[in-house]
Amino acid sequence: MYIKFKFIFAVIAFCAMGIVARAQSKIVSVNGTVSEILAGIGLEKNIVGTDVTSNYPASLKAKPKVGHNRNLSAEGIIALQPDVVTGIATEVKPELAAQLKSAGIKLVLFNQTFSADGTRQLIREVAKAFGKPQGAEPLIQKLNTELAGAAKAAKVKTKPKVLFIYARGTGTMMVAGEGTQMQHIIQMAGGTNAVTGFNDFKPLTPEALVGANPDVILLFSSGMQSLGGTAGLLNVQGIAQTNAGKNKRFVTMDGELLSSFGPRLGQAVTELAQKIN
């Protein structure tokens, strides 16, 4: 899952010179965005395992998996005998961090901000920490070019109200509030978040749904599939009463692309802008 739950533990660990990866260092990456950056700077060969969100580039799918980044097993990671475990600080629980450190494994974690500048900063920090600072600039140049194109696609006179629903079947449905990566990418794509007044995610209720009355409902492709497609979504109480439901304005995108705020951010914004405007 791509939603960023917050934990108290947050640290960025670097060695004295900011370089933790030698030529033969073995890396386990437990975040898809960090994995994508590592591959982009030429360190894919060093990656010996990843979490299940690490699917881009496609070659990463063949790497051994250590679980989902919200439910990682120290034993599974240690079994791969990595020199370094890396990911996003808010996704690594303190007890897991303690287990890895006690096993003599270096932990290199990064903070992530959901913005274009935050993405640029993360790329630079990962590249610097793993001894490839020069590898950041080609990724950032490509990102800047794609973001410039995305900005053009996002220029609209009327901003649609977009509601993001995280779904894993009808039993698990939550909406994205303020401060989430979903709100930020909706705004970057020329829309506005249909719900306000709360942070992070909260359960979807029919009353809140009708009150928000979104013009567009946005889901991960996997989330729509878990509901049984458009027909299943329309059966969710309150959906049919919204403008989005009446007009069947339902948008789906690959969850990792949409929510990762990684090197493909410009591509994600462009695709979303084209779909919601």
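Preceding this section is the structure that the text describes.
First things first, this report covers the structure right here in the doc. Remember, predicted model here, so these are calculated numbers, not experimental data.

## Overview of the sheet that holds strand 2 (residues 47-50)
Strand order in the open sheet formed by four strands is 2-1-3-4, with parallel pairing between adjacent strands. Two strands in the sheet have a free side with no partner beyond their single neighbour: strand 2 and strand 4 (106-110). For this sheet, the mean angle separating the axes of adjacent strands, direction not counted, is 20 degrees. Bridge analysis of strand 1 (residues 27-29) against strand 2 gives three bridges, and the strand direction is parallel. Following the sheet pairing, I27 is matched in strand 2 by I47.

## Focus on the nonpolar core
By size, the foremost hydrophobic cluster in this structure holds 51 residues, and its most contacted members are F130, F164 and L272. Of all hydrophobic cores here, the second largest spans 20 residues; its members include L163, A167, V195 and L227.

## Remarks on the side chain of T50
Counting through the fold element by element, T50 comes out in strand 2. For T50, a relative accessible area of 0% gives the class buried. Of the polar contacts made by the side chain of T50, one reaches the side chain of K65; its length is 2.6 Å.

So, how was this worked out
Residues numbered from 1 in each chain as written. Predicted model: local features only at pLDDT ≥ 70, side-chain atom pairs only at ≥ 80, totals over all residues. Heavy atoms only, no water. Pairing = 2+ DSSP bridges. Helix = DSSP H or I, 4+ residues; strand = E, 2+ residues; numbered from the N terminus. Axes fitted to C-alpha atoms, helices over the stretch in contact; angles between N-to-C directions. Core = buried A, V, L, I, M, F, W, Y, C linked by side-chain atoms within 4.5 Å. Buried < 20%, exposed > 50% of the residue type's maximum accessible area, 1.4 Å probe, protein only. Polar contact = N/O pair within 3.5 Å; in protein donor to acceptor, adjacent residues only side chain to side chain.

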